[in-house]
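Reading the structure
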Amino acid sequence: MRMIRRFWNLLVKYHIRTVIIITLVVNMLVILLSFLPGYVGDFPYWVTRLPLLNAVLNSFTFIFLMLALLAILRRKIILHQRFIYAAFTTTAIFLISYVIFHFMAESTPYGGTGFIAGFYYFILITHIILAAVIVPLALMSFFTGYKDMRAVHRKWVRWTMPLWLYVSATGVLVYVMISPYYTF
């Protein structure tokens, strides 16, 4: 336990390095997944449920972020922290589920046409770009809040909160729009 605490203290002490390393690892892993071939054969049933799980986790992240925002507006710092921890937890579980699913499955092409296809691809592209951007923003916001660097924390969260809300909401929307085209 002491070793874990010491490791955590190092991560916090050198939070900028921590943010850079985690950002590179997470984003490179996601990029790498797009180049891997999909699983050959029938998926286990639980794998076919991962996209739905991801949408549910994104929904919870959105709710937790909104509750964290409401808590801090009411100056309830402890409650705000708890909702932020909850948002990070659902996001971390989402990331694990996302990596597992995309390691196993190839991308599903969108089958819609016309305006709705343009809308879908706009949402998808902005979601993907901002999901990559949100990693360092959320981590910097977290560490500056954790270290009680309030002035710096406020500067980070002015960008982080709306972007993270957008990413979590559009994650659900992307699922709703692509799910009819899953072939499993």
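Just above sits the structure.
Owing to the predicted nature of the structure, the values given are computational and were not obtained by experimental measurement.

This brings us to the packing of helix 1 (residues 2–13) against helix 6 (residues 114–146). Relative orientation of the contacting elements helix 1 and helix 6 amounts to 105 degrees, with a least axis distance of 10 Å. Of the possible angle classes, the one that applies to helix 1 and helix 6 is roughly perpendicular. Seen from helix 1, the contacting residues are Trp8, Leu11 and Val12; seen from helix 6, they are Phe142, Phe143 and Tyr146. Each residue belonging to the contact of helix 1 with helix 6 can be placed in one class, and the counts come to six nonpolar, no polar and no charged.

As a further point, take the side chain of Thr144. Tracing the sequence through the fold places Thr144 in helix 6. On the accessibility criterion, Thr144 (1% relative accessible area) is buried. Within the local environment of Thr144, its side chain forms a polar contact with the backbone oxygen of Met140, the two atoms lying 2.8 Å apart.

Despite not being glycine, Arg75 has its phi angle at roughly 60 degrees, a positive value. Of note, Arg75 is situated in the loop between helix 4 (50–73) and helix 5 (77–104). One non-glycine residue, Asp148, lies in the positive phi region at around 55 degrees. Residue Asp148 is classed as partly exposed on the basis of its relative accessible area, which comes to 48%.

Rules and cut-offs
Residues numbered from 1 in each chain as written. Predicted model: local features only at pLDDT ≥ 70, side-chain atom pairs only at ≥ 80, totals over all residues. Heavy atoms only, no water. Axes fitted to C-alpha atoms, helices over the stretch in contact; angles between N-to-C directions. Helix = DSSP H or I, 4+ residues; strand = E, 2+ residues; numbered from the N terminus. Parallel < 35°, antiparallel > 145°, perpendicular 65-115°, else oblique. Contact = heavy atoms within 4.5 Å. Nonpolar A, V, L, I, M, F, W, Y, C, P; charged D, E, K, R; others polar. Buried < 20%, exposed > 50% of the residue type's maximum accessible area, 1.4 Å probe, protein only. Polar contact = N/O pair within 3.5 Å; in protein donor to acceptor, adjacent residues only side chain to side chain.

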